[in-house]
Each structure stands twice: as C-alpha cells, then as structure tokens.
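Listed here are the chains, written in short residue letters.
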Amino acid sequence: MRLLADLVLTGAGWERNRAVAIVDGRIAAVREAGAAQPGDVRLAGKALLPGTINAHCHTFQALLRGLGDDLDFMGWRDRVLYPFSERLDRRAIALGAQLAFAEQLLHGVTTCVDFFYLQDDGNENAEAVIEAARAIGIRLVLARTMYDWEGAPRRYRESVGDAARRTTDLIARHRGDPTTLIQPAPHSPHGASPDMIRAGWEIAEGADTRFHIHVAEGRYEGERTLREHGATPIRYLDTLGVLGPRTIAVHCVWLDDGEIALMGQRGAQLAYCPSSNMFLGDGITRVPEMLRAGVRIGLGTDGGCTNNRASVFEDMRMTSLLQRVRLLDGTALPAERAFAMGTRDGAEMLGVDAGVIAAERLADLVAVDLGHPSLHPPIDLLKNVVYAMSPQAVTDVWVHGRRVVENGRLVTIDVDELLARVRELTKGWRVGA
C-alpha cells in the first residue's frame, strides 16, 4: 500500500508530493509520488504526520470524567478515584479502555501507555485492556502496575512476589506481539514499598524493558519520602539503584536542581503531563532545565478525569505555553521541541520504533486537513499544528499500517453503540451518590 500526500513531515522536514509505501506494518520507503498505482490511498489536500505518543494514561479513568472536576489531588483521589474505581468490573474496565482508545485515535494518538493498576489479584483485567486495544486498533504499552501501599483499595494491592510473578508472566505472554508491549510500573515512592520498586526494576532488567513510576507529582510526596526514607524522591530512587536509562519517571513537578542533574547523569527519562498537572493544581515541571540536563521527555495526557481531554497535540501546546508563563519568556520552549516530545522523543523513550516518518519505522501515521481553518494562514505549518490546530483537522489515522480512522470516523468500532454503553453504565453517578 502507498499513501500519496501533498505534504509529508519526514525527519528532513516537510516534503511535497510524496508516496509513503507500507509493508507489513512498517514504512518501506518515502519517495516521489509519481503516477498513481492500484491500491494507492490518495490524500489530496492533506498532510501526513507521525502519530503522536501518549506516554502516560490511565484508561479506566475515562469513565470517571466529570466526577472530580474542581477538586484538589487529595479530594479527587479520596472522593472520586478510590470509590468509583471500586464500581468497575472487568467488563467496565474494558469499556473504559475502549472509550479512552477511541477518543485518543480520533485525536491522532497512535501509541498509548496505560499505567494500569486495577489488578484484582491477577492479569485478567490487564488482558481485557490489551484485547480492547487490539479491537480498537491502537498501539498499547501496558505499564503493569505493582502496588502494595496499605492505604490503597484492596484490588490495587498485591504482595511483592505475586506482583513480580504476574508482571513477568504478562511480559512473556505478549513478547513478540507487534502492537503490544508490557513494561513493569511500581506505582510511586509512596504506593510501592522499596522491595516492590526493586522487584519492578529487576523485572525490567531481566526482560530488557522500560520501567515506569510516578514521581513527585505533588509537593506532599517529596515531604513524605524525605520523612519516611530520608531522601527526596529522585535521590531515594537512586539509593534503590533504580534510576537509569530504563527509568520513565512520570510528572516530576517538585524536583530540586540536584535531582534534575541526577536524572540527567543517570539517563533517566520523563513522561510529562502538563494538562493534568494544571487540572489538579500540582505545579509546573521545569522542562527547559530538564532538557538542558539531558533528560529525554515525552508527553502524556494522564487519566480521563485529571485532564478531561485526550490529545497529545493539545499537550504539546500546553507544554510550550506553561514554560513561557513560568519563565516570563516567549522563547522558552519552541513548537519544534514540543512536537518532538509528543512524537519522536516519546517513541524513543518507550522503545517503540515510531514517531518519525522514515523507511523501516512503524507505519503509525496521522493525516490532517490542510484546508481546515485552524491551519490557516499556512505560513508555518508545524507551528500551526502545535499552537492552533483543531482536533477536527485530524482526518485519518493508521496504526501498524492499518487504517483505523477514515475521514474523521473510527472504522474499527461502532462509536454510537460504545457511547450508549458508557451512558448506561455511568447513569446516576455523582460524587457522594
């Protein structure tokens, strides 16, 4: 199959009248379009971009959207997350995943990291999420959470041994799957014991995967980690021997200069969720300082009830604007840097061979309508994509060479039927009800 587009954003920049040839889920070549051939897909008036990478999400939380609005983190956790996640059986977990994946694809997300922790003493719920991703057509990195803090709901928690065994089994079961990766994810310095965090790291080392962990999302976490372990969060992880190139630390809002430098020295990476951090009033991660320290950064939307939108394109915009207002500097973080975080850098961080349109890369692609008003005037298309583009401009999406969105409609599932099931499940849900 060849995709013929008026403009293609390759690693070399915008190229006109290009054909992107796809074979077995990968890009075989990018060359001059030439004459049309049988089976070609003509994308007249459209630009082809690499699909965006959602480096951190909790898909089941899509069902909780609207419940925790205008609450702080603790209010949201104790009044929304904990009580309402208890209402979700396996079918509801799968439904939430379908909703989240559908929305993300329509917004141009081709890879989603689901940091998943509703385990119920097994892997069956995680398998339901994996099956939902396959059916909807998104590339999934399932960050299989390892959680043993006694303050969390029982269904989140496991012993260290059980969590390690189940995570190892899940990795082995899906190794070689072309659109699914499993990676260990001890919840956080407060949600996982030292033994649990070490167990997750040892799994990552043994299976050669990445290692995810929430770090310093709120100011309280640094204070708590210092009180309980005698070190701030990043230093604490370093003392455990789990800070390195495998590490994907999520949020990192409250780090001091030494911790930022330490992340760079160890090669640790950041999954940054600007909209979620704003939504909960957590603070602003010091992105330019982390870049200067050598930290690779990808972008995440976080859960559907701590952001309420599922667009990495929007989080590119938020990343740039937040740093400008924090530093009172309109040049603090340019569009090109933000775009790379949401595509190439996020893919490299996860070990996914996507994020760039080039030969041998995965065919995870997004077409946008060059005639959409939000992309006019067409003076600088990339800046328009980051700062101005409406979600309505996203018209077509391919994942692993499979067309999953066509002319603005998801083709793998009946969206109306999906939304009807969501409405039926959540009917009457209210905080305190």
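Computed from a prediction, not measured in an experiment: that's the story for all the values here.

Draft legend 1. Local environment of the nonpolar core. In terms of nonpolar packing, the biggest core is built from 130 residues, with Leu64, Phe101, Leu105, Leu142, Ile197, Met263 and Met290 touching the most fellow members. In terms of residues, this core owes the most to one element, helix H2 (residues 90–106), which gives nine residues. In this structure, Ile27, Leu43, Leu48 and Ala367 belong to the second largest nonpolar core, which totals 14 residues.

Draft legend 2. Main features of the packing of aromatic side chains. Summed over all chains, the structure comprises nine aromatic pairs. For the pair Phe73 and Tyr220, a centre-to-centre distance of 5.8 Å together with 25° between the ring planes defines the contact as stacked. Within this pair, whereas Phe73 is found in helix H1 (residues 73–85), its partner Tyr220 is found in helix H6 (residues 219–229), the two being separated by 147 residues in sequence. By relative accessible area, which is 23% here, Tyr220 ends up partly exposed. Ring geometry for Phe84 and Trp429: centres 5.6 Å apart, planes at 50°, overall tilted. Of this pair, Phe84 sits in helix H1 while Trp429 sits in the segment after helix H14 (415–426), placing them 345 residues apart in sequence.

Draft legend 3. Spotlight on the sheet that holds strand E14 (residues 394–399). A sheet is described by the order of its strands in space; here eight strands give the open sequence E3-E2-E1-E4-E13-E14-E15-E16, paired in mixed fashion. Among the strands making up the open sheet, the edge pair consists of strand E3 (26–32) and strand E16 (409–410).

Draft legend 4. Just the side chain of Thr247, in detail. Structurally, Thr247 can be placed in strand E10 (residues 247–251). Owing to a relative accessible area of 0%, Thr247 belongs among the buried residues under this scheme. In this structure Thr247 touches Trp201, Phe211, Val242, Ala268 and Gln269, once residues within four positions along its chain are discounted.

Draft legend 5. Representation of helix H3 (residues 124–136) in the model. Over its 13 residues, H3 runs 18 Å from end to end, which matches the ideal 18 Å to within 8%, given 1.5 Å per residue. Those residues of H3 that fall on the buried side of the exposure criterion are Asn125, Ala126, Glu127, Ala128, Val129, Ile130, Ala132, Ala133 and Ile136. Positioned one or two residues after H3, Gly137 has a phi angle of 105°, which is positive.

Draft legend 6. Just the sheet that holds strand E9 (residues 211–215), in detail. Spatially, four strands are ordered E9-E10-E11-E12 in an open sheet, and the strand pairing comes out parallel. Here the strands that pair on one side only, and so sit at the sheet edges, are E9 and strand E12 (297–299). The mean inter-strand angle of the sheet, taken between neighbouring strand axes irrespective of direction, is 30°. The pairing of strand E11 (residues 269–272) with E12 spans three bridges and is parallel. For Leu270, the partnering residue across the bridge sits in E12 and is Ile297. In the packing of helix H5 (residues 194–207) onto the sheet, contacts are made with E9 and E10, and the angle to E9 comes to roughly 150°. Against the sheet, helix H12 (residues 335–350) makes contact with E9, E10, E11 and E12, and its axis sits at roughly 110° relative to E12, the strand it touches most.

Draft legend 7. A look at the environment of Val113. Along the chain, the position of Val113 falls in strand E6 (residues 109–116). Judged by its relative accessible area of 0%, Val113 falls in the buried class. For the pair Val113 and Gln323, spaced 210 residues apart in the sequence, the C-alpha separation amounts to 24 Å. Excluding residues that lie within four positions of it along the chain, Val113 makes contacts with Asn54, Ala55, His56, Cys57, Val141, Ala143, His212 and Leu350.

Draft legend 8. Geometry of the pairing of strand E7 (residues 139–146). Of all eight residues in E7, eight are buried, a share of seventy percent or more. Both faces of E7 are covered, namely the face carrying Arg139, Val141, Ala143 and Thr145 and the face carrying Leu140, Leu142, Arg144 and Met146. Note that E6 and E7 share six bridges and pair parallel. When the bridges of E7 are listed, Phe115 appears paired with Ala143.

Draft legend 9. The pattern of salt bridges, seen in detail. One pass over the full model with this rule turns up 38 salt bridges. Of the charged contacts in the structure, one is a salt bridge between Asp396 and Lys46, with a shortest N-O distance of 2.7 Å. Residue Asp396 is found in strand E14, and its partner Lys46 is found in strand E4 (residues 41–50); the two are separated by 350 residues along the sequence. The class for Lys46 is buried, based on a relative accessible area of 12%. Arg337 is paired through a salt bridge with Asp345; the nearest N and O atoms lie 2.2 Å apart.

Draft legend 10. Structural context of the packing of H3 against helix H4 (residues 160–174). Between H3 and H4, whose axes approach to 12 Å, the crossing angle comes to 30°. One finds that H3 runs roughly parallel with respect to H4. You can see that H3 and H4 cross each other, and the crossing is right-handed. Seen from H3, the contacting residues are Ala126, Glu127, Ile130 and Arg134; seen from H4, they are Leu170, Arg173 and His174.

Draft legend 11. Geometry of the pairing of E4. With seven of 10 residues buried, E4 is to be regarded as a mostly interior element. Relative to E4, strand E1 (residues 2–10) runs parallel, the two sharing five bridges. Bridge pairing in E4 places Leu7 opposite Ala47. In terms of strand pairing, E4 meets strand E13 (residues 365–369) through five bridges, oriented antiparallel. Note on E13: the bridge partner recorded for Ala47 is Val368.

Draft legend 12. Structural view of the state of the cysteines. Per the counting criterion, the structure on display carries zero disulfides. Note on Cys57: no disulfide assigned, nearest cysteine sulfur contributed by Cys112 at a separation of 4.2 Å. Residue class for Cys57 comes out buried when judged on its relative accessible area of 3%. The thiol of Cys252 is not disulfide-bonded; the next cysteine sulfur, from Cys273, is found 10 Å away. Residue class for Cys252 comes out buried when judged on its relative accessible area of 1%.

Conventions we followed
- Residues numbered from 1 in each chain as written.
- Predicted model: local features only at pLDDT ≥ 70, side-chain atom pairs only at ≥ 80, totals over all residues.
- Heavy atoms only, no water.
- Core = buried A, V, L, I, M, F, W, Y, C linked by side-chain atoms within 4.5 Å.
- Buried < 20%, exposed > 50% of the residue type's maximum accessible area, 1.4 Å probe, protein only.
- Helix = DSSP H or I, 4+ residues; strand = E, 2+ residues; numbered from the N terminus.
- Phe/Tyr/Trp six-rings, centres within 6.5 Å; stacked < 30°, edge-to-face > 60°.
- Pairing = 2+ DSSP bridges.
- Contact = heavy atoms within 4.5 Å.
- Expected span 1.5 Å × (residues − 1).
- Axes fitted to C-alpha atoms, helices over the stretch in contact; angles between N-to-C directions.
- Salt bridge = Lys/Arg side-chain N within 4 Å of Asp/Glu carboxyl O.
- Parallel < 35°, antiparallel > 145°, perpendicular 65-115°, else oblique.
- Left-handed = near helix turned anticlockwise from the far one by under 90°.
- Disulfide = S-S within 2.5 Å.

Keep in mind these values describe shape, not function.
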